[in-house]
Protein chains: 4
Amino acid sequence: MSGKKIKTVIIGASGYTGGDFLRLAHTHPTIEIIGLIANTHAGKTVEEVFPHLQFANLPAMVKADEIDWQEVDAAVCGLPHGTAQDIISTLPSHVKVIDMSADFRLTDVQTYEQWYGRAHDHPDLYTHVAYGLTEHNRAAIQGARIIACPGCYPTAVLMALLPLVKADLVDLSDLVLDAKSGVSGAGRGLKQNTLFCESGEGFSPYAIGNHRHTPEIEQELNKAAGQAGIEVSFTPHLVPMSRGELITCHLTLKDGASLAQARACFEETYQDENFVHVVPDGVVPGTQHVRGSNHCLIGLFKARPANKIIVISTIDNLVKGSAGQAMQNLNLVFGLQETTGLNGLPLFP
Amino acid sequence: MSGKKIKTVIIGASGYTGGDFLRLAHTHPTIEIIGLIANTHAGKTVEEVFPHLQFANLPAMVKADEIDWQEVDAAVCGLPHGTAQDIISTLPSHVKVIDMSADFRLTDVQTYEQWYGRAHDHPDLYTHVAYGLTEHNRAAIQGARIIACPGCYPTAVLMALLPLVKADLVDLSDLVLDAKSGVSGAGRGLKQNTLFCESGEGFSPYAIGNHRHTPEIEQELNKAAGQAGIEVSFTPHLVPMSRGELITCHLTLKDGASLAQARACFEETYQDENFVHVVPDGVVPGTQHVRGSNHCLIGLFKARPANKIIVISTIDNLVKGSAGQAMQNLNLVFGLQETTGLNGLPLFP
Amino acid sequence: MSGKKIKTVIIGASGYTGGDFLRLAHTHPTIEIIGLIANTHAGKTVEEVFPHLQFANLPAMVKADEIDWQEVDAAVCGLPHGTAQDIISTLPSHVKVIDMSADFRLTDVQTYEQWYGRAHDHPDLYTHVAYGLTEHNRAAIQGARIIACPGCYPTAVLMALLPLVKADLVDLSDLVLDAKSGVSGAGRGLKQNTLFCESGEGFSPYAIGNHRHTPEIEQELNKAAGQAGIEVSFTPHLVPMSRGELITCHLTLKDGASLAQARACFEETYQDENFVHVVPDGVVPGTQHVRGSNHCLIGLFKARPANKIIVISTIDNLVKGSAGQAMQNLNLVFGLQETTGLNGLPLFP
Amino acid sequence: MSGKKIKTVIIGASGYTGGDFLRLAHTHPTIEIIGLIANTHAGKTVEEVFPHLQFANLPAMVKADEIDWQEVDAAVCGLPHGTAQDIISTLPSHVKVIDMSADFRLTDVQTYEQWYGRAHDHPDLYTHVAYGLTEHNRAAIQGARIIACPGCYPTAVLMALLPLVKADLVDLSDLVLDAKSGVSGAGRGLKQNTLFCESGEGFSPYAIGNHRHTPEIEQELNKAAGQAGIEVSFTPHLVPMSRGELITCHLTLKDGASLAQARACFEETYQDENFVHVVPDGVVPGTQHVRGSNHCLIGLFKARPANKIIVISTIDNLVKGSAGQAMQNLNLVFGLQETTGLNGLPLFP
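Please read these numbers as outputs of a predicted model, since none were measured by experiment.

1. Focus: the overall build of chain A
Piece 1. When helices and strands are tallied, chain A shows 10 helices and 14 strands.
Piece 2. Taking 20 Å as the expected radius of gyration for a compact globule of 349 residues, we find that chain A reaches 20 Å, a close match to that expectation.
Piece 3. Oriented by its inertia axes, the alpha-carbon framework of chain A measures out at about 60 × 45 × 40 Å.
Piece 4. Sequence separation of at least 24 residues holds for 69% of the intrachain contacts in chain A that already meet a minimum separation of 6.
Piece 5. Taking the average location of the 25 positive side-chain charges in chain A and that of its 36 negative ones, the two points are 3 Å from each other.

As structure tokens, then:
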């Protein structure tokens, strides 16, 4: 690709994931942003929609039909779930699609309909789709046209569970996933519970036992375990912070399995990875250690009951959980080094 | 007690729990604060130590030996663990002691020594001690001279577990307690991890598998279950907010037990309580709904795996988890209505 | 009034000021809440609208026409500006109205129209109105039927300026008021800029030079100075916190006037007040020292240029700036002690 | 410098400014970090001191005497005021020093002694010093050996005042600077007022009329105005956020001067600058629009009194106010493009 730019359009450019992709793209040497689609904000400048991007020399927001798709190489889609599939289905086939919505994550369209409340109208496109959990699905991603980037929760959860499931170290009937997310995970839409005064200085669970990311997590665990029917107990909570996600996985070791084996399994899985790190014994991962970056930290701990362990996984929900992973996949699809544009360290404090 | 004031001294008046007791005492009709002990701050006025209490007409901070204990009815102790027992052991026997430290919570002194790093020098005093989880131990509290108020985590955890354990509804070998606390739980001492810049905009676990409140929780569960050896998996996390605590209890129902039974058991246990409330189906408890108040909210939810339930319990760690529960116990000890001084509603937003 | 309850209806009960009045009313011995009006939320229970009030035994939300106004003694109105006057004009004349909106604050109806964008349809009611800055207008408030409670900014500003203006100590052509407010000042409506992710971890000014509270401040200053034409420079900013307001008044002393004179003037003005306090030299007022309470703290400081002083004034915008001041006025109107129901100390931390 | 690395040592690497320089240096193509000095933390790894830098492949913390200064090209100093001059005075003369402390900012050593409480022991070094406000002092910086980077407040203030002072548009006897800073401005040391529970959910002024940055601001204004004796009214406040600084400058136009002239003057001054931007009419600068970046936003507004204007200036105190400006100066000193390593966009939300 040397020298040639990847002409990129953002679909849904006025949301947080679209905005964060633009932030990352600014220092990416090959991505050239040639269009920003934001239907309800069409006509506005970037500085009106995102004042922090006013230095970035970006085009104004337009409607989808104002784009000349013939000159587009890549579309990065940050639309809400249920609205992405319709526009993606209309794009010419030479456009690579990096989709941050949920519309192509669930391969079973009935499961999609059940959890997302609308029929899937484009099941035919699935032959072109790869699930975009980069570290665990590189080969498929490289050859696909549509990358269904995982949800933020599934990203953090699967990084922590897949190695253990593949190595058959934990009891698949006892997967307790206590999840916590910053408020940006709820998007930029206007909802009472994401007002500063409602979510500030407070902590609460939500969607207990029925969050939409549950079937996605189960789908990938089933695939890794070579079975069906895994059911996880997934409980998300809202944290009074903007960014960051941390999963506390309460797991039961299989008979004969040990924490040391689990640690070895993680270290082997991620030893060559640039973004996924197993922290040393005694270091405790926190969301503030990955804020703004594409890194994922994983820590392993002994629980008090002898057969239980705790695996902590943390990411920035808008980066590794969304825009960063999207860029990582875009790099892969276009044959670039996976870390291109993603070398920034976390912002602390 | 009508007409007569309860002359009260605060030991450790410059910390957050001492300060919050003073806030609550201000509208208590019977408590009269006659002394404030704060060794390192002795000589300072209240407005220097706690500007928000400058309207309360309180005495200056003094050293312990400046108090004439003969005229004291009650001592409320907010000292750090390990330092409370020494001063409590010197108080004359007519002084009722409401102790918010951990020094008399663990009835087994070897367990105390193991978890708190010092020998217990006053095991003889235990004959005068009652464990101060008011709703579950009223009779003992009324007749005791020293009330060992529970830690903030045990308070919230036990409110959620004791009814189920007593009714034999859950598997005692699978008690997963994912706990979250605001930063005030760490006290007012200077530590790097409680600086605004370190704990703000971030979320992280700590003391995984070895928090000091663990043996206290287990002691009370063993007592309720009439057995020994219960081991809980207790994992606390630090939330970027000042006040509030929420426990997500991941529990396994015993064969034949149901969520409906669990709910009925809670409703029966707490039906006459002023401060502990089982929220209706569909309402999700959050720390912002109890902030500043002595209330505890409990919610019950079905998990996705058939045999698992989730019980959420939330309190203000400084009130029901500390100063409010201390006042509730003081009321009980002095024959007052339990709610005296504690009728304030939560502050929201 | 002894024994008899003040039957009170809240108009606009689902907003933050209405909700905070309900919190305060819960421990008020004489106020009885008999109706909650919230048009768009009519039919909902309090626990759905304000989970933190679920312990308060309050009636459900209704529409205005469901109230039998014959049995109502007082109406406390927390509606947005422009919508209060219409309902207030329909109330029977025996109902005392404590209005927290701006609709009867500006005595010049053309000024009202200019700043609030609609005509004032009920100028006839002004003969029954008193401006509700309690400490500076008690006599008028006691005899009025409609109390126009000041805006939160005017409350804090006027507490800091009126004594100096009346004593003719400062230059009225150089009143620079740099104001800061927590996010609850913007109300509970859905706006992008009050989302957690937009206002959290950030600080910014707004409505520079044209905030609606400006003419109200000027009106009262003109009145106190016995002149017309005062123009203040008023610049509000949004602080990432829920509650609290602090005004930094940059003032120029008149020739011959001194900081000591200014301090003496404040101390004399407020020496008998329960809620307004001049802090001692060296103590710096902060919003965290009044949070949740009806107190106002005022501090005076020398600026570096010889003729300038800085006066700091801080309140909780929802209490002294709104619901608390409303209750203080209600007490006055009904002949109760002004502090009734308002003795609570600030919540810190 | 092509190909050759700038071998750089950080002095005071465990503080926030040192840490943020390391974050920025990670994507700088020419800076090579060869030593980290942190006396009290000597022996610790970076991941113990700054977990967010654990991915950066940095050396462990050492004491100053463990560095071989012969191979060092640049020293970036993030020590507290008063401790920097002693170590800087011992460095060999080939080492370029980028000093983020206050030790060489005040050219009058008596003023230094008066405000910083210790004698200046190395006045001889001043012949090698340039004041590091890059946009206004490039020529001097390029030729200097020691760059005294401005304080965070002076940086934001001077960006907003120097153009107006040089163009003689504002009254120099009426410079009212109302400043607000996030908590990281107070450093990483342990102080009660920077604990989460003390500064969270609260807003308060501090050091009113006597902040140490005052003489530095006045020194530079005097220089620009070609006079002596300017006295500013500077009032800083602490905002409950980690990063960000915003100055509200309340200014009086000279007779005949206009807001339009002021705007033209700013636009001309900064038209070729990469990091200083005059925002368009109607856009309001906020700290969240520069967070984590080296950008400075300036907005101009009409105040209500006819002759007054308001100039808003905002930066990230740790970047443009410290580590970013340090890197900008280092680039200049070593003949690199000024923007090298500083192209990152702000992190929002």
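2. A short note on the interface of chain A and chain D
Piece 1. Tallying the contact residues gives 38 residues for chain A and 38 residues for chain D.
Piece 2. When chain A packs against chain D, close to 3,000 Å² is buried across both sides, 75% of that on carbon and sulfur atoms.
Piece 3. On inspection of chain A and its partner chain D, the count reaches 4 residue pairs in polar contact (both at pLDDT 80 or more).
Piece 4. Per-element accounting of the side of chain A that touches chain D gives the leading share, 4 residues, to helix H1 (residues 16-25) of chain A.
Piece 5. Of the residues in the side of chain A that touches chain D, the class split is 18 nonpolar, 13 polar and 7 charged.

3. Details of the sheet that holds strand E10 (residues 233-238) of chain B
Note on sheets: strands pair through backbone hydrogen bonds, and any given pair is parallel or antiparallel.
Residue and element names in this part refer to chain B.
Piece 1. If you trace the 7 strands from one edge of the open sheet to the other, you get E9-E10-E8-E11-E14-E13-E12, paired in mixed fashion. Whereas interior strands pair on both sides, the edge strands pair on one side only; in this sheet they are strand E9 (204-205) and strand E12 (276-278).
Piece 2. Of the strand pairs in this sheet, E12 and strand E13 (residues 296-302) are connected by 3 bridges, and their pairing is parallel. The residue bridging Val-276 from the neighbouring strand is Cys-296, located in E13.

4. Some details on the sheet that holds strand E2 (residues 31-37) of chain D
All names here are of chain D.
Piece 1. Read across the sheet, 7 strands follow the order E3-E2-E1-E4-E5-E7-E6 without closing on themselves; strand pairing throughout is parallel. One side of each edge strand has no neighbouring strand; the edge strands of this open sheet are strand E3 (61-62) and strand E6 (129-131).
Piece 2. Of the strand pairs in this sheet, strand E4 (residues 74-77) and strand E5 (residues 96-99) are connected by 4 bridges, and their pairing is parallel. Note that in E5 the partner of Ala-75 across the bridge is Val-97.
Piece 3. In the packing of helix H1 (residues 16-25) onto the sheet, the strands contacted are strand E1 (6-11), E2 and E4, and the crossing angle to E2 comes to about 155°.

5. What to know about the packing of aromatic side chains
Piece 1. Applying the stated criterion across every chain yields a total of 28 aromatic pairs over all chains.
Piece 2. Ring centres of Phe-203 of chain A and Phe-203 of chain B lie 6.1 Å apart, and the angle between their planes is 5°; this geometry places the pair in the stacked category. Of this pair, Phe-203 of chain A sits in the loop between helix H7 (196-199) and strand E9 (204-205) while Phe-203 of chain B is found in the loop between helix H7 (196-199) and E9, placing the two residues in two different chains.
Piece 3. On the basis of relative accessibility, which here comes to 0%, the residue Phe-203 of chain B falls in the buried class.

6. Observations regarding the environment of Asn-343 of chain B
Piece 1. If you trace the backbone, Asn-343 of chain B turns up in the segment after helix H10 (319-333).
Piece 2. Under the relative-accessibility criterion, Asn-343 of chain B is labelled partly exposed at 41%.
Piece 3. The sequence separation of Asn-343 of chain B and Thr-27 of chain B amounts to 316 residues, and the corresponding C-alpha distance is 9.6 Å.
Piece 4. With residues up to four places along the chain from it excluded, the contact list for Asn-343 of chain B reads His-26 and Thr-27 of chain C.

Conventions we followed
- Residues numbered from 1 in each chain as written.
- Chains lettered and ligands numbered in written order.
- Predicted model: local features only at pLDDT ≥ 70, side-chain atom pairs only at ≥ 80, totals over all residues.
- Heavy atoms only, no water.
- Helix = DSSP H or I, 4+ residues; strand = E, 2+ residues; numbered from the N terminus.
- Rg over C-alpha atoms; globule rule 2.2 N^0.38 Å.
- Contact = heavy atoms within 4.5 Å.
- Lys, Arg positive; Asp, Glu negative; His and termini not counted.
- Charge placed at Lys NZ, Arg CZ, Asp CG, Glu CD.
- Buried area = accessible area lost by both parts, 1.4 Å probe.
- Polar contact = N/O pair within 3.5 Å; in protein donor to acceptor, adjacent residues only side chain to side chain.
- Nonpolar A, V, L, I, M, F, W, Y, C, P; charged D, E, K, R; others polar.
- Pairing = 2+ DSSP bridges.
- Axes fitted to C-alpha atoms, helices over the stretch in contact; angles between N-to-C directions.
- Phe/Tyr/Trp six-rings, centres within 6.5 Å; stacked < 30°, edge-to-face > 60°.
- Buried < 20%, exposed > 50% of the residue type's maximum accessible area, 1.4 Å probe, protein only.

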